[in-house]
Amino acid sequence: DEEIEAFLDLFLNDVIEKNGLIYGGGFGVTFDGFVILENRGSATEDHRQLIKTWLESKKEIKKLQIGELVNAWYD
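Attention in this report is confined to the structure presented alongside it. The residue numbering used here restarts from 1 in each chain and proceeds along that chain's sequence as written. Reporting of local features is limited, given that this is a predicted model, to residues whose pLDDT is at least 70; pairs of side-chain atoms are given and counted only at 80 or more, and all residues count toward the totals for whole chains, interfaces and linings. Each side-chain value is derived from all of the structure's non-hydrogen atoms; neither hydrogens nor water enter the calculation.

## Here we look at the overall build of the protein
Right, so step 1: Here a helix means four or more residues in a row that DSSP labels H or I, a strand means two or more in a row labelled E, and each is numbered from the N terminus. When you go through the protein residue by residue, the secondary structure sums to 2 helices and 2 strands.
Right, so step 2: Taken from the N to the C terminus, the helices and strands of the protein come in the order α-β-β-α.
Right, so step 3: A compact globule built from 75 residues should have a C-alpha radius of gyration of about 11 Å, and the protein, at 12 Å, falls within 12% of that.
Right, so step 4: Expressed as lengths along the three principal axes of its C-alpha atoms, the size of the protein is roughly 35 × 20 × 20 Å. For the radius of gyration, the atom set is restricted to C-alpha positions; the globular benchmark scales as 2.2 Å times the number of residues to the power 0.38.

Written out as structure tokens, the structure is:
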């Protein structure tokens, strides 16, 4: 769907790439994935809040659930 792809492009460009992050996971009617740092290190609570705030500002989002920070390598 073109609307979903346009939204994903906006998300990746405006939030993920601009902040040195990488998104991995599925997308479609629902998004389900992980966000990690592009370089060595860990995403922070500030990254989590940035993503949450951006997503909450989008009218396309009907329901939002963002998990707590986890260690994607060892958890």
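## Thoughts on a negative patch on the surface
Right, so step 1: For patch building, the residue pool is restricted to those with more than 30% relative accessible area and no salt bridge; the joining distance is 9 Å between like charges and 5 Å between nonpolar side chains (Val, Leu, Ile, Met, Phe, Trp, Tyr). Areas reported as accessible are Shrake-Rupley estimates using a 1.4 Å probe. Residue values count occlusion only from the protein chains shown. Only one rule defines a salt bridge in this text: a Lys or Arg side-chain nitrogen within 4 Å of an Asp or Glu carboxyl oxygen. Neither His nor the chain termini are counted; the positive set is Lys and Arg, and the negative set is Asp and Glu. For charged residues, the charge sits on one atom: NZ in Lys, CZ in Arg, CG in Asp, CD in Glu. On the surface, a cluster of negative charge is made up of Asp1, Glu2, Glu3, Glu5 and Asp9.
Right, so step 2: Residue position: Glu5 is located in helix H1 (residues 2-16).

## Comments concerning the nonpolar core
Right, so step 1: In this description, a nonpolar core means a group of buried Ala, Val, Leu, Ile, Met, Phe, Trp, Tyr and Cys residues linked to one another through side-chain atoms lying within 4.5 Å. Burial classification: accessible surface area is computed with a 1.4 Å probe over protein chains only, and a residue below 20% of its type maximum counts as buried, one above 50% as exposed, and the rest as partly exposed. Core analysis: the largest hydrophobic core is formed by 11 residues, namely Phe7, Leu8, Phe11, Val15, Ile16, Leu21, Tyr23, Leu37, Ile51, Trp54 and Leu55.
Right, so step 2: Those residues in contact with Leu8, other than ones at most four positions away along the chain, are Phe27 and Phe31. Whether two residues touch is decided by their heavy atoms; if any such pair falls within 4.5 Å, the residues are in contact.

## Describing the side chain of Arg48
Right, so step 1: Inspection of the secondary structure assignment puts Arg48 in helix H2 (residues 45-56).
Right, so step 2: Engagement of the side chain of Arg48 in a polar contact is seen with the backbone oxygen of Ile66, the distance being 3.4 Å.
Right, so step 3: With residues near it in sequence (within four places) discarded, Arg48 still touches Ile66, Gly67, Glu68 and Leu69. Distance and chemistry together define a polar contact, namely a pair of N or O atoms within 3.5 Å, with one atom able to donate a hydrogen and the other to accept it when in protein, and with adjacent residues in sequence counting only for side-chain atoms on both sides.

## Some remarks on the pairing of strand S2 (residues 32-37)
The two faces of the sheet receive side chains in turn, since in a regular strand these alternate between them.
Right, so step 1: Only when DSSP finds a minimum of two bridges between them are two strands counted as paired. Alignment of strand S1 (residues 21-26) against S2, held across 6 bridges, turns out to be antiparallel. Residue Gly24 lies in a different strand from S2, and its bridge partner there is Phe34.
Right, so step 2: Adjacent in sequence and paired antiparallel, S1 and S2 are bridged by 5 residues.

## Considering the pattern of salt bridges
Right, so step 1: Going through the model one piece at a time under the given rule, you end up with 4 salt bridges.
Right, so step 2: Lys52 is paired through a salt bridge with Glu56; the nearest N and O atoms lie 3.5 Å apart. Here Glu56 and Lys52 lie together in helix H2, a separation of 4 residues that amounts to about one turn.
Right, so step 3: Judged by relative accessible area, which is 28%, Lys52 ranks as partly exposed.
Right, so step 4: Between Glu60 and Lys59 there is a salt bridge, and its shortest N-O distance comes to 3.7 Å.
Right, so step 5: One salt-bridge network, in which partners are shared between bridges, spans Glu45, Arg48 and Glu68.

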